[in-house]
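Architecture at a glance
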Amino acid sequence: MSVSIARVPTASASRYLQQLAKHWSHKMVVTFSAEEGRIEFPNGSRLDMRANSETLDVALTVPDGEDAERMRGVVASHLDRFAFREAPLTFDWKGV
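A few points on the structure. Values in this document were obtained by computation on a predicted structure and should not be read as measured data.

**Here's the deal with helix α1 (residues 13-24)**
With 12 residues, α1 extends 17 Å from end C-alpha to end C-alpha; this agrees with the ideal 16 Å at 1.5 Å per step. Every buried residue of α1 is listed here: A13, Y16, L17, L20, A21 and W24. What you see down the axis of α1 is that its buried residues fit within an arc of 130°, all on one side. Looking at the buried residues of α1, the elements they touch are β2 (29-32), β3 (36-40), β4 (46-51), β5 (55-62) and α2 (68-82).

Laid out in structure tokens, this is it:
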């Protein structure tokens, strides 16, 4: 299992969290509030998000055998679409 985390600077973290959760809710298991969200992907990956006034913190868990780099790209590109006014957002992915 691979876990990647990133702290994404943005004053619109809650809005982006909710937009991403709603966007994927018709395809995946999604739970969210204004401050926290979880998205469970069909391939077994999971995205946990936490929003505050300055950052969107994301933790992406990818099972062994899945492409963690590709999943990071999927998450980043989707969030960039919602953040088009300030995109590209800064994702400084770190493994834990």
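Once the structure has been displayed, the description carries forward.
**Some points on the sheet that holds β3**
Overall, antiparallel pairing links the six strands, which are arranged β2-β3-β4-β5-β1-β6 in an open sheet. Of all strands in the sheet, those with a lone pairing partner are β2 and β6 (94-95), marking the two edges. As defined by bridge partners, strand β1 (residues 2-9) adjoins β6 across two bridges and the pair is classed as antiparallel. Bridge assignment links I5 to a residue of β6, and that residue is K94.

Reading the values: rules and limits
- Residues numbered from 1 in each chain as written.
- Predicted model: local features only at pLDDT ≥ 70, side-chain atom pairs only at ≥ 80, totals over all residues.
- Heavy atoms only, no water.
- Helix = DSSP H or I, 4+ residues; strand = E, 2+ residues; numbered from the N terminus.
- Expected span 1.5 Å × (residues − 1).
- Buried < 20%, exposed > 50% of the residue type's maximum accessible area, 1.4 Å probe, protein only.
- Arc of directions from axis to C-beta.
- Contact = heavy atoms within 4.5 Å.
- Pairing = 2+ DSSP bridges.

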